[in-house]
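# Structure at a glance
If you want the building blocks of each chain, they are given just below.
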Amino acid sequence: MKNFFFCCLLLLAFTGSLHAQTPAQNKETALKILSAVDAGDLNAFSRYVSSNVVEHMPIPPETPGSSDFEKVKNLIAAYHSAFPDGKTTVLHVVAEGDIVIIHGRYAGTNKGAFMGMPATNKSVQIEQTDIIRFDASGKGVEHWAVIDQLTMLQQLGLIPGEGK
């Protein structure tokens, strides 16, 4: 009887901790993260992303912070300061298991200094793809991004080229 009771407790403990969010719930949270990033809302960002997040997107080495979480928050603040009207139009969202992929078009006007470059007052429109992995509690724990930074720098007039 004692073993049966122990097994039931163990089963309940594992069942509760293994209950993962659905792909649809993760998709909804991913869109909330994107909205928080666009708004520069670091409090909302912190609600949806784990403080132990692993960032796979290269972060400039001069970005302050002792963890990926802090560095990403500082990068979001820098982007929002440089492009205060920046917004992402979602083109595609795919969710499967614990992964959500968002393909979007970011547009904004460079009104502030960014990464040591002065404000240009020029507008940018670039495409980006984000991949976010969620844990069982529904928090983002890993992030990858592909951002068309070459086109951004061309559109800002900081490097030669046509831009799109």
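Along each chain, the written sequence defines residue order, and numbers are assigned to residues from 1. Side-chain atom pairs in this predicted model are given and counted only at pLDDT of 80 or more, local residue features only at pLDDT of at least 70, and totals for whole chains, interfaces and linings cover all residues. Only hydrogens and water are removed before side-chain values are computed, so all heavy atoms of the structure are retained for them.

Turning next to the nonpolar core. Ala30, Ile33, Phe45, Val49 and Phe134 are the most contacted members of the largest nonpolar core, which totals 17 residues. A helix here means a DSSP run of H or I that spans at least four residues, while a strand means a run of E at least two residues long, and both kinds are numbered starting from the N terminus. Taken together, the elements giving at least two residues each to this core come down to α2 (23-39), α3 (42-48), β1 (49-55), α4 (68-82), β3 (99-109) and β4 (123-134). Two residues qualify as a contact provided that any one of their heavy atoms is within 4.5 Å of a heavy atom in the partner residue. With residues near it in sequence (within four places) discarded, Ile33 still touches Phe45, Tyr48, Val49, Ile132 and Phe134. Ranked by size, the runner-up nonpolar core spans 8 residues in total, among them Ala82, Phe83, Tyr106 and Phe114. Note on terminology: a nonpolar core comprises buried Ala, Val, Leu, Ile, Met, Phe, Trp, Tyr and Cys residues joined through side-chain atoms within 4.5 Å. Residue burial is assigned from relative accessible area. The probe radius is 1.4 Å, only protein chains are included, and a residue is buried under 20% of its type maximum, exposed over 50%, and partly exposed in between.

In any sheet, the strands associate via hydrogen bonds between backbone groups, in a parallel or an antiparallel arrangement. Spatially, the 5 strands line up as an open sheet ordered β1-β5-β4-β3-β2, and their pairing is mixed. Either end of the sheet is taken by a strand with one partner, and the two such strands are β1 and β2 (87-96). Between one strand and the next, the sheet's axes are offset by a mean angle of 25°, whatever the strand orientation. In this analysis an axis means a line fitted to C-alpha atoms, helices contributing only their contacting stretch, and an angle means the value between N-to-C directions, from 0 to 180 degrees. Sitting on the sheet, α2 is in contact with β1, β2, β3 and β4, with an inclination near 160° to β2. Across the sheet, α4 touches β1 and β3, and the angle it forms with β1 is around 90°. We call two strands paired when DSSP finds no fewer than two bridges between them.

So, on to α4. Compared with the 21 Å implied by 1.5 Å per residue over 15 residues, the 21 Å span of α4 between its first and last C-alpha is a close match. For α4, the set of buried residues is Phe69, Val72, Lys73, Leu75, Ile76 and Ala82. Helix span, expected: 1.5 Å multiplied by one less than the number of residues in the helix.

Let us look at the pattern of salt bridges. A pairing counts as a salt bridge when a side-chain nitrogen of Lys or Arg comes within 4 Å of a carboxyl oxygen of Asp or Glu. Counted by the stated rule, this structure contains 5 salt bridges. In this structure, Asp98 and Arg133 form a salt bridge, with 3.8 Å as the shortest nitrogen-oxygen distance. Of this pair, Asp98 sits in the loop between β2 and β3 while Arg133 sits in strand β4; the two residues are 35 residues apart in sequence, bridging distant segments of the chain. Among the residues examined, Asp98 registers a relative accessible area of 31% and is labelled partly exposed. A relative accessible area of 26% means that Arg133 is categorised as partly exposed. Residue Glu142 is joined to Arg133 by a salt bridge in which the shortest nitrogen-to-oxygen separation is 2.6 Å. Salt bridges sharing partners connect three or more residues here, namely Asp98, Arg133 and Glu142.

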